[in-house]
Amino acid sequence: MTSKINAMTGAEATAEAMRQVNPDVVPAYPITPQTPVMHAFASFVSDGLVDSELIRVESEHSAMSAAVGASAAGSRVMTATSANGLALMFEIVYIASSTRLPIVMNVVNRALSGPINIHCDHSDSMACRDSGWIQIYCENAQEVYETSLFAVRLAEHCDILLPVMICQDGFIISHSVERVETFDDESVRSFIGEYRPKHCLLDTDNPITIGPLDLFDYYYEHKRQQAEAINNAREIIPKLAAEYKGHFGKDLNFLESYKMDDATDVIVVMSSTAGTTKAVVDKLRAEGKKVGLLKPRLFRPFPAHEISLALKGKRMVAVLDRSDSFGSMGGPLFSEIRSALYDEAEKPIIINYIYGLGGREMMLDDIEGIYNEISCINSQPEEKVKYFGVRE
Amino acid sequence: MSDENKPGWKTIPIGGMILEAGNAEKYKTGDWRTFRPQRDHDKCTNCMICFMYCPDSAIPLKDEKVDGFDYDHCKGCGICAKMCPVKCIEMKDENDFKD
Ligand code: SF4
Ligand code: SF4
């Protein structure tokens with residue numbers, strides 16, 4: 001295995017992974033901030049660097065429909081979208097997972113309208129959290145690149161066969177140039193291998209039907225199978241990650257603990273804000289403060305057990321959510337974590353900060369402010385959900 | 001509640017896939033019917049228009065003649081009765097055939 005250091009944006013890292021995967025079919029429709037992913041990939045198609053059939057459709061609903069059709073036909077399929085594009089796909093997003101089609105989609109996170117906004121928050125992918133897709137969130141372009149390769153194997157695993165959504169923060173990751181280590185084509189291709197579906201529509205010797213009407217007598221059984229398949233990912237991910245490490249010599253960590261060992265006060269946050277938080281943890285650690293960061297990457301299936309283990313014995317936990325779940329008991333990440341902690345005899349104090357909606361910036365000082373604020377909290381406050389950085 | 005005679009989630013193909021070709025025949029749609037077509041053989045000219053129009057292929061042919069109805073699959077839509085040029089198909093209330 002050889003590797004190369006590049007200066008790349010998250011979008012370019014996504015497109016580079018797609019070039020190496022060389023999927024059979026890529027149906028796509030442009031939407032900010034996903035556009036540079038498809039822009040770069042379309043150049044690879046024009047330059048003859050991939051064999052992929054790039055289908056330029058008239059909407060995202062058609063993009064996901066074409067992805068479903070191509071995947072059912074037996075192709076390896078990748079696509080990418082953002083925000084309202086994902087919302088327009090929504091109907092077919094559910095069909096992809098329930099039909100058990102291993103499509104890999106990069107979601108460049110952007111706030112859902114309205115009011116219309118093009119900047120980052122997680123409302124788009126979080127709206128799909130019950131859709132039966134595996135969801136992995138990325139902190140930086142490196143994780144985006146590597147996860148895009150890993151996701152192909154994960155989706156196509158015979159005990160999973162589910163689509164995978166890889167999420168990167170719009171503009172913050174997709175448009176920022178970073179150091180990205182990429183692997184050589186040969187190593188990538190030998191890792192992902194060839195896609196040989198057990199059943200597909202183009203296998204004319206074994207004709208099958210995909211997507212028939214499924215009423216009260218079988219629909220429920222198929223939903224139960226979906227629940228099993230996504231839960232299977234819990235055991236399969238560490239095995240595939242071990243294989244990945246053997247192949248590329250790199251760890252793929254789906255729940256990162258940063259300076260957690262002796263930490264008393266912890267921030268839990270996903271995606272690019274985790275990177276900012278690391279810098280703050282370093283600064284506060286230098287001042288002797290026992291702070292830590294827990295960065296979940298896998299959101300579906302939700303690693304409830306691993307998260308409660310990681311938070312065991314902590315004094316104070318602040319969960320940061322980059323989307324709201326209006327009228328519920330907090331943001332999506334907070335609700336899941338609080339539920340995960342229910343089984344623990346000793347629970348930490350836990351509060352939720354909703355932050356960064358519509359691309360509202362989250363700077364080092366902001367996160368330091370949160371660490372300072374939570375250090376003064378000594379008992380479970382009545383008000384569990386706070387809106388951080390919003391004007392009163 | 002669920003029908004215990006049907007196979008469970010551990011054994012059926014995933015994602016609603018049907019792995020057997022042409023098995024729609026096994027799915028009896030006849031019990032969806034509320035009206036049952038009945039043909040007056042004396043008036044029938046054997047023009048086969050009903051055969052061509054039936055959306056469920058529920059009008060069998062035998063020796064180049066229309067041969068009754070396949071009541072396992074006829075959903076009772078009434079298209080055959082509507083299209084019959086000599087109006088020799090009557091749609092009768094399914095309840096009249098219940099024992
Ligand atoms: S009623 Fe409809 S389904 Fe039944 S035989 Fe006539 S056309 Fe076919
Ligand atoms: S359409 Fe009427 S006349 Fe013609 S074959 Fe059918 S029943 Fe007989």
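Residues numbered from 1 in each chain as written. Chains lettered and ligands numbered in written order. Predicted model: local features only at pLDDT ≥ 70, side-chain atom pairs only at ≥ 80, totals over all residues. Heavy atoms only, no water.

An account of the overall build of chain A is requested, with residue identities and associated values reported.
When helices and strands are tallied, chain A shows twelve helices and 15 strands. Taking 2.2 N^0.38 as the reference for a compact globule, 392 residues should give roughly 21 Å; the C-alpha atoms of chain A span a radius of gyration of 21 Å, in line with that estimate. For chain A, the C-alpha atoms occupy an extent of roughly 70 × 55 × 45 Å along the three principal directions. Burial status across chain A gives 56% buried among its 392 residues. In chain A, of all internal contacts separated by at least 6 residues, the share reaching a separation of at least 24 is 81%. Counting every atom, chain A has about 16,600 Å² of accessible surface; 52% of that belongs to carbon and sulfur. For chain A, the centre of its 37 positive side-chain charges and the centre of its 54 negative side-chain charges are spaced 5 Å apart. (Helix = DSSP H or I, 4+ residues; strand = E, 2+ residues; numbered from the N terminus. Rg over C-alpha atoms; globule rule 2.2 N^0.38 Å. Buried < 20%, exposed > 50% of the residue type's maximum accessible area, 1.4 Å probe, protein only. Contact = heavy atoms within 4.5 Å. Areas by Shrake-Rupley, 256 points an atom, 1.4 Å probe, with all protein chains shown as cover. Lys, Arg positive; Asp, Glu negative; His and termini not counted. Charge placed at Lys NZ, Arg CZ, Asp CG, Glu CD.)

Please provide a residue-by-residue account of the side chain of R100 of chain A, values included.
Note that R100 of chain A resides in the loop between α4 (83-98) and β5 (104-109). Notably, R100 of chain A is buried but unbridged: the nearest opposite-charge side chain belongs to D159 of chain A, and the N-O separation is 7.9 Å. Reaching out from R100 of chain A, the side chain makes a polar contact with the backbone oxygen of L161 of chain A at a distance of 3.1 Å. For R100 of chain A, the residues in contact, after removing those within four places along its chain, are I160, L161, L162, Q225, Q226 and A229 of chain A together with I14 and G15 of chain B. (Salt bridge = Lys/Arg side-chain N within 4 Å of Asp/Glu carboxyl O. Polar contact = N/O pair within 3.5 Å; in protein donor to acceptor, adjacent residues only side chain to side chain.)

Requested: an account of the sheet that holds strand β14 (residues 349-354) of chain A, with residues and values cited.
The strands making up a sheet associate through hydrogen bonds between their backbones, and the pairing can be parallel or antiparallel. Residue and element names in this part refer to chain A. Across the sheet, six strands lie side by side as β9-β11-β10-β13-β14-β15; this open sheet has mixed pairing. Both edges of this open sheet fall to β9 (255-258) and β15 (385-387), since each of them pairs with a single strand only. Across the sheet, the mean angle from the axis of one strand to that of its neighbour is 20°, orientation sign disregarded. The pairing of β9 with strand β11 (residues 291-296) spans four bridges and is classified as antiparallel. (Pairing = 2+ DSSP bridges. Axes fitted to C-alpha atoms, helices over the stretch in contact; angles between N-to-C directions.)

Describe unusual backbone geometry, listing the residues and the values that go with them.
Residues and elements named next belong to chain A. Residue G114 follows S113 across a cis peptide bond; omega there is 5°. A positive phi angle, close to 45°, is found at L161, a residue other than glycine. For L161, the position within the fold is in the loop between α6 (141-156) and β7 (164-169). In this model, F171 sits at a positive phi of 65°, which is unusual for a non-glycine residue. Relative to the assigned elements, F171 resides in the loop between β7 and β8 (178-183).

Outline the packing of helix α9 (residues 272-286) of chain A against helix α12 (residues 364-375) of chain A, supporting the account with residue identities and numerical values.
Residues and elements named next belong to chain A. One way to put it is that α9 packs onto α12 with a least axis distance of 9 Å and a crossing angle of 65°. Between α9 and α12 the crossing geometry is right-handed. Contacts between α9 and α12 involve T273, T276, T277, A279, V280, V281, K283 and L284 on the former and, on the latter, L364, I367, E368 and Y371. A class-by-class count of the residues in the contact of α9 with α12 yields seven nonpolar, three polar and two charged. (Left-handed = near helix turned anticlockwise from the far one by under 90°. Nonpolar A, V, L, I, M, F, W, Y, C, P; charged D, E, K, R; others polar.)

Describe in detail the site of ligand 1, supporting the description with residues and values.
Surrounding ligand 1, one finds 13 residues, the nearest of these being C54, C74, C77, G78 and C80 of chain B. Residue classes in the shell around ligand 1 are distributed as nine nonpolar, two polar and two charged. (Near = heavy atom within 4 Å.)

Break down the packing of aromatic side chains for me, with residues and values.
What characterises a pair of aromatic rings is the spacing of the ring centres plus the angle enclosed by the ring planes. The final tally for this structure, using the stated rule, is 14 aromatic pairs over all chains. On the basis of an interplanar angle of 85° and a centroid distance of 6.2 Å, the ring pair of Y137 of chain A and F299 of chain A is categorised as edge-to-face. Here the residue Y137 of chain A occupies a position in strand β6 (residues 134-137), and F299 of chain A occupies one in strand β12 (residues 298-300), the gap between them amounting to 162 residues. You can call Y137 of chain A buried: its relative accessible area is 0%. Look at F299 of chain A and you get buried, because its relative accessible area is 0%. Every member of this aromatic cluster is reached through a ring pair, and the members are Y145, F150, F183, F191, Y244, F248 and F254 of chain A. Positioned above the aromatic ring of W9 of chain B, the side-chain terminus of R224 of chain A is 4.1 Å from the ring centre. When the ring centre of F69 of chain B is taken as origin, the NZ or CZ atom of R39 of chain B, which lies over that ring, is 4.3 Å away. (Phe/Tyr/Trp six-rings, centres within 6.5 Å; stacked < 30°, edge-to-face > 60°. Lys NZ or Arg CZ within 6 Å of the ring centre and 35° of its normal.)

So, the site of ligand 2: which residues are in play, and what are the values?
Near ligand 2, the surroundings consist of 13 residues, among which R39, C44, C47, C50 and C84 of chain B are the closest. For the shell around ligand 2, the residue count by class is ten nonpolar, two polar and one charged.

Run through helix α2 (residues 35-46) of chain A, naming residues and quoting values.
All names here are of chain A. Between the first and last C-alpha of α2 there are 16 Å, a value that for twelve residues agrees with the 16 Å anticipated at 1.5 Å per step. Restricting attention to buried positions, one finds in α2 the residues V37, M38, A40, F41 and F44. When α2 is viewed along its axis, its buried side chains cluster within an angular range of 160° and face the same direction. Projecting away from the buried face of α2 at angles above 90 degrees are the exposed residues H39 and S46. The secondary structure elements touched by the buried residues of α2 are α1 (10-21), β2 (25-28), β3 (53-56), β4 (78-81) and β5. (Expected span 1.5 Å × (residues − 1). Arc of directions from axis to C-beta.)

Can you tell me about the interface of chain A and chain B, naming the residues and giving the values?
Taken together, the 18 residues of chain A in the interface contact 15 residues of chain B. Summed over both partners, the interface of chain A with chain B comes to about 1,600 Å²; 67% of that surface belongs to carbon and sulfur atoms. In this assembly, chain A and chain B are joined by zero salt bridges. At the junction of chain A with chain B, the criterion picks out five residue pairs in polar contact (both at pLDDT 80 or more). No other element matches helix α8 (residues 219-248) of chain A, which puts five residues into the side of chain A that touches chain B. When its residues are assigned to classes, the side of chain A that touches chain B shows seven nonpolar, six polar and five charged. (Buried area = accessible area lost by both parts, 1.4 Å probe.)

Before we move on, could you go through the pairing of β11 of chain A and cite the residues and values that matter?
Residues and elements named next belong to chain A. Most of β11 sits out of view: six of its six residues are buried. In β11, alternate side chains face the same way, and those of V291, L293 and K295 on one face and G292, L294 and P296 on the other are all buried. In this fold, strand β10 (residues 265-268) hands off to α9, which returns the chain to β11; that crossover is right-handed. (Right-handed = clockwise from strand over helix to strand, strands pointing away.)

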